[in-house]
Amino acid sequence: FDKMHAKLDNVTAISLWGGESTLHLKSVNSQLEDLYSLCPHINNIGFSSNVMCGIDDTIDFVKKVNEVAKVPQRIWLQQSIDGPTGVLMEKGHSGNWDIYRKNYKKLADFFNSTSLDNIGSVSVVMKPTIDKDLFLEYFSDNEKLYDYIKFLNEIYVEISELFINQKIFWSTTLPKPAT
């Protein structure tokens, strides 16, 4: 911060990006107290994840934010997904929806059963992100497009039913080509 000559009193949001953010949450957690001391006006913190790993670290992150934040927080999690299991496997990804379901259930169980007085809201956004070639392949064929949107709707409904906590806002976006 010193090298950037940052005006820390003006910092209200922190976004963690790059690689799989959950792989680094333990080190971030160890710095959160210092971060909130340096930037007391932070009220919005979050990161992107594929939700394939790091759910325990994500839960620890939320607990730590709740503990050390100076003002009520909005936490956001953007889940980047690659599409239906068939698409995942065709393109060499090892992930599958059984893992997503298990991890979302664990995350939902935590939020649904835990009192987080310093967390004002949690936004969870599922963002379908696919490479340009696959985007063109799927969205130039009406049947494939319909199957993909049907898949997203089924997942949206299934995951939405897990989150019963009133502080949780679950949504999805339309598929976008990866940048």
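Read on for an overview of the structure. Since we're looking at a predicted model, the values are computed, not measured.

How each quantity is defined
- Residues numbered from 1 in each chain as written.
- Predicted model: local features only at pLDDT ≥ 70, side-chain atom pairs only at ≥ 80, totals over all residues.
- Heavy atoms only, no water.
- Helix = DSSP H or I, 4+ residues; strand = E, 2+ residues; numbered from the N terminus.
- Buried < 20%, exposed > 50% of the residue type's maximum accessible area, 1.4 Å probe, protein only.
- Phe/Tyr/Trp six-rings, centres within 6.5 Å; stacked < 30°, edge-to-face > 60°.
- Pairing = 2+ DSSP bridges.
- Salt bridge = Lys/Arg side-chain N within 4 Å of Asp/Glu carboxyl O.

1. Let's talk about the environment of Lys 127
So, step 1. Structurally, the position occupied by Lys 127 is in strand β4 (residues 119–130).
So, step 2. The exposure class assigned to Lys 127 is partly exposed, which follows from its relative accessible area of 21%.
So, step 3. Placed 79 residues apart in sequence, Lys 127 and Ser 48 show a C-alpha to C-alpha distance of 9.6 Å.

2. A word on the packing of aromatic side chains
So, step 1. What the rule picks out here adds up to two aromatic pairs.
So, step 2. Each ring, one from Phe 47 and one from Phe 61, has its centre 5.5 Å from the other, and the planes form 85°; the classification is edge-to-face. Here Phe 61 lies in helix α2 (residues 55–68) and Phe 47 lies in strand β2 (residues 44–49), a separation of 14 residues in the sequence. Taken individually, Phe 47 and Phe 61 each receive the classification buried, so the pair is uniform in this respect.

3. Details of the pairing of β2
So, step 1. A large share of β2 lies buried, amounting to six of its six residues.
So, step 2. Burial along β2 is two-sided: the residues Asn 44, Gly 46 and Ser 48 and Ile 45, Phe 47 and Ser 49 are all buried.
So, step 3. The pairing of strand β1 (residues 13–16) with β2 spans four bridges and is classified as parallel. Directly across from Ser 15, in β2, lies its bridge partner Gly 46.

4. As for the pattern of salt bridges
When the charged atoms of two side chains lie near each other, side chains of opposite charge can form a pair.
So, step 1. On inspection of all chains with the given rule, the structure shows four salt bridges.
So, step 2. Notably, a salt bridge pairs Glu 67 with Lys 64, separated by 3.6 Å at the nearest N-O pair. Remark: Lys 64 and Glu 67 occur in helix α2; sequence separation between them is three residues, near one turn of the helix.
So, step 3. For Lys 64, a relative accessible area of 22% puts it in the partly exposed group.
So, step 4. Between Asp 109 and Lys 105 there is a salt bridge; the shortest N-O distance is 3.0 Å. Here the residue Asp 109 and the residue Lys 105 both occupy positions in helix α4 (residues 97–113), the gap between them amounting to four residues, near one helical turn.

The values reported here are purely geometric and, on their own, carry no functional implication.
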